[in-house]
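Below, each chain spelled out in residue letters.
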Amino acid sequence: MKEVYGKGVEMDRRLLVLIVAAVALIGVVNATVFAYRWMTGNITISDASNARGIACTGFYSSAAQRGIDMPSVGTNYNAQTYGTNTISVSPGNTVCQWTVDSSTYNLYESITVNIPVTVGSWYIKDFYGFGYHGVGTDPENVYVWFRLEQPASGDGSISDAYLIINSTGGVIDELNLLSSSGTTIGPFQLSRGSAWSLDLRFNATSTGSVSFTVGVYVSYQSSESP
Amino acid sequence: MLTWSRVLVVALLLVALVILLYLFNPWVYAYKPGPAFTIDLSTGRPIVVGVVECIGFTPYSTGVAGIRIIPGDFVCYSGRGDSVFDSLRIYINASIGYWVYSDVALFYANTTSVKYVDVIVEKPLNMTGLEVILMDSSGNTTLVVDATSYNKYELSLPQGESVYRVTIVLNSDKPTRGVFRIGFYIKNT
């Protein structure tokens, strides 16, 4: 009888410990009350062949993609500079892709350009192009800004460096590649099916390599710059 | 002697004590500075007005192509009279490439004291790049949330009214589909 009663006491103590622990836990939880706000995003990325509107703007060379149904720009993408050295342009990801008569054409989101030169002044004409390939339902015009993300710098020294944007009607504008980071020119209106050619003008005062990064921002509106 | 009834009495006493502590906890009391209730005519539900603390989101430019924003529950009005919501659901349709959705929403705060906010990526989305950027009214970047992995940041909200513009930058080199979630935990200390 006594043994049975003793067991009962054991159980009660355990229960008491549990209750105290639970109450202590409530006390702890009570101390961390937050007001909670949140945002969720559902993101759907379709492939380049579904690109429409501003997604279907990008870099291309009509010489590198023979037969492309876009203006003839970027004709000197592999031009010779001095000796046997040539300009080389490596395109980045394809952002817009379409097919004409079983030929596939691409617009690229970025280009990496390597131009071997010697000391002196150089004008690299039409090294690549930038265009807007839209379909019938896309907006007639989009707006483009060129922004200097990283000014020209490197182990070679340059006294003068400009990126020049040309339409068929002539020079649209020049971006000084030696100005401060964040310098933006634009907006420039780009119509469906049209393109610009890009030139580079610079003066190198010593040997070495120079690099710069220019960002291109395309929008449906012209009122707010990036 | 320990019996069931005594255990029960002790437990009830402890629970009562905790409830009392909770009710009179000055921390909790400070968080609800005398709200006044009124009826929202459109929904018929009682809403809280006159609360000094107001923290949440305001959808900003919903007319941008490829993005749709659905606010959650109404929490309060901003100083300009805009509705402030507790959450945002953002739907983005894009194609491969680098996209900047600038000023898609405002993160609004009007507080009686300095507040600290834990910003936690609760569900990351694995893609090349996905950032949610908060910019203050002068255009300076206050916080860059990298939503491609589990990350935690702390944001301090000054006393008074502060407004941050929300910009989303995303980058993908292949087709993808998914959901991310970012939680804002507002501490009262």
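Look above for the structure.
### Quick word on the interface of chain B and chain A
Between chain B and chain A, the residue contacts involve 45 residues of the former and 35 residues of the latter. Contributing elements (two or more residues each) for the side of chain B that touches chain A: helix 1 (4-24), strand 3 (54-59), strand 7 (87-95), strand 8 (97-111), strand 13 (160-172) and strand 14 (176-187) of chain B. Take the side of chain B that touches chain A: its biggest share by element is 12 residues, from strand 14 of chain B. Grouping the amino acids of the side of chain B that touches chain A by side-chain chemistry returns 30 nonpolar, 9 polar and 6 charged. The pairing of strand 1 (residues 35-46) of chain A with strand 14 of chain B spans 11 bridges and is antiparallel.

### Some words on the sheet that holds strand 12 (residues 152-157) of chain B
Here 6 strands make up an open sheet; going across it, the order is 4(B)-7(B)-1(A)-14(B)-9(B)-12(B) and the pairing mixed. Looking at which strands have only one partner, the edges of the open sheet turn out to be strand 4 (67-71) and strand 12 of chain B. Going across the sheet, the axis of each strand differs from the next one's by a mean of 20°, ignoring polarity.

### Describing the sheet that holds strand 8 (residues 141-154) of chain A
All names here are of chain A. In space, the 3 strands of this open sheet follow the order 11-8-13, with antiparallel pairing throughout. Two strands in the sheet have a free side with no partner beyond their single neighbour: strand 11 (184-191) and strand 13 (210-219). Recorded for the sheet is a direction-independent mean angle of 25° between the axes of neighbouring strands. Pairing analysis gives 6 bridges linking strand 8 to strand 11, with the strands arranged antiparallel. Among the inter-strand pairings, Arg147 is bridged to a residue of strand 11, identified as Thr184.

### Quick notes on the nonpolar core
Side chains of a nonpolar character, in soluble globular proteins, are inclined to be buried together. Counting 80 residues, the largest nonpolar core has A:Val95, B:Phe57 and B:Ala147 as the members making the most contacts within it. A total of 9 residues in this core trace back to one element, the largest contributor, which is strand 8 of chain B. Non-local contacts of B:Phe57, meaning those with residues more than four positions away in its chain, are made with A:Arg37, A:Met39, B:Pro71, B:Val84, B:Phe85, B:Ser87, B:Leu88, B:Ala105, B:Leu106 and B:Phe107.

Analysis parameters
- Residues numbered from 1 in each chain as written.
- Chains lettered and ligands numbered in written order.
- Predicted model: local features only at pLDDT ≥ 70, side-chain atom pairs only at ≥ 80, totals over all residues.
- Contact = placed C-beta atoms within 7 Å.
- Helix = DSSP H or I, 4+ residues; strand = E, 2+ residues; numbered from the N terminus.
- Nonpolar A, V, L, I, M, F, W, Y, C, P; charged D, E, K, R; others polar.
- Pairing = 2+ DSSP bridges.
- Axes fitted to C-alpha atoms, helices over the stretch in contact; angles between N-to-C directions.
- Core = buried A, V, L, I, M, F, W, Y, C linked by C-beta atoms within 7 Å.
- Buried ≥ 20, exposed ≤ 12 C-beta atoms within 10 Å, placed from the backbone.

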